[in-house]
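# A closer look at the structure
What follows is the residue order along each chain.
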Amino acid sequence: MTKAEVITKISDKTGIQKDDVTQTVEAFFKVVKESMAEGENIYVRGFGSFINKKRAKKIARNISKNTAIVIDEHYIPAFKPSKVFVEKIKTSKKIKELAPQD
């Protein structure tokens, strides 16, 4: 599902104009990006957490040149779903229908 499809679905379910939903969704993404760039994590009860995960410094190899390169300690964005969200997916009948049969 694309962002445009999500916006359409929200607009259909709420009756709010697509332009207003688009502005709201874009503002949400902007707040998430800016907050996480400032080192803040975002917790949405019943949905999940947008968190900054720390990656330790490590030495990697460039196989084509056979050299070692150092990758400094850094942070990456991550999403951790809430228990409620995980349980909703686990008990979903549609997901089970899509799962490959052994």
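Residues numbered from 1 in each chain as written. Predicted model: local features only at pLDDT ≥ 70, side-chain atom pairs only at ≥ 80, totals over all residues. Heavy atoms only, no water.

The next thing to look at is the packing of helix H1 (residues 3-14) against helix H2 (residues 18-37). Helix packing geometry: the angle between the two helix axes and the distance between the axes. Axis separation between H1 and H2 bottoms out at 9 Å; the angle between their running directions is 125°. Taken together, the axes of H1 and H2 lie oblique to each other. As for the relative orientation of H1 and H2, their crossing is right-handed in sense. Facing H1, whose interface residues are Lys3, Ile7, Thr8, Ile10 and Ser11, H2 presents Lys18, Val21, Thr22, Val25, Glu26 and Phe29. Of the residues that constitute the contact of H1 with H2, the class distribution is five nonpolar, three polar and three charged. (Axes fitted to C-alpha atoms, helices over the stretch in contact; angles between N-to-C directions. Helix = DSSP H or I, 4+ residues; strand = E, 2+ residues; numbered from the N terminus. Parallel < 35°, antiparallel > 145°, perpendicular 65-115°, else oblique. Left-handed = near helix turned anticlockwise from the far one by under 90°. Contact = heavy atoms within 4.5 Å. Nonpolar A, V, L, I, M, F, W, Y, C, P; charged D, E, K, R; others polar.)

All told, the structure shown has six aromatic pairs when counted by the stated rule. For the pair Phe47 and Phe85, a centre-to-centre distance of 5.1 Å together with 20° between the ring planes defines the contact as stacked. A residue pair is termed long-range when its members are at least 10 positions apart, and Phe47 in the loop between strand E1 (42-44) and strand E2 (48-55) and Phe85 in helix H3 (residues 83-90) qualify at 38 residues. Of the residues examined, Phe47 reaches a relative accessible area of 38% and is grouped as partly exposed. Each residue in the set Phe28, Phe29, Phe47, Phe50, Phe79 and Phe85 is aromatic and connected to the rest through ring pairs, giving one cluster. (Phe/Tyr/Trp six-rings, centres within 6.5 Å; stacked < 30°, edge-to-face > 60°. Buried < 20%, exposed > 50% of the residue type's maximum accessible area, 1.4 Å probe, protein only.)

Here we take up the pattern of salt bridges. Two side chains bearing opposite charge may form a pair once their charged atoms approach each other closely. Applying the stated criterion across every chain, the model contains two salt bridges. A salt bridge links Glu26 to Lys3; the shortest N-O distance between them is 2.6 Å. Taken as a pair, Glu26 in helix H2 and Lys3 in helix H1 lie far apart in primary sequence, 23 residues in all. Overall, the relative accessible area of 35% leaves Glu26 in the partly exposed class. The exposure class assigned to Lys3 is partly exposed, which follows from its relative accessible area of 40%. In this structure, Glu73 engages Lys54 in a salt bridge whose closest nitrogen and oxygen atoms are separated by 3.4 Å. Here Glu73 is found in the loop between strand E4 (67-71) and strand E5 (74-81), whereas its partner Lys54 is found in strand E2, with 19 residues between them in sequence. Given a relative accessible area of 48%, Glu73 falls into the partly exposed group. (Salt bridge = Lys/Arg side-chain N within 4 Å of Asp/Glu carboxyl O.)

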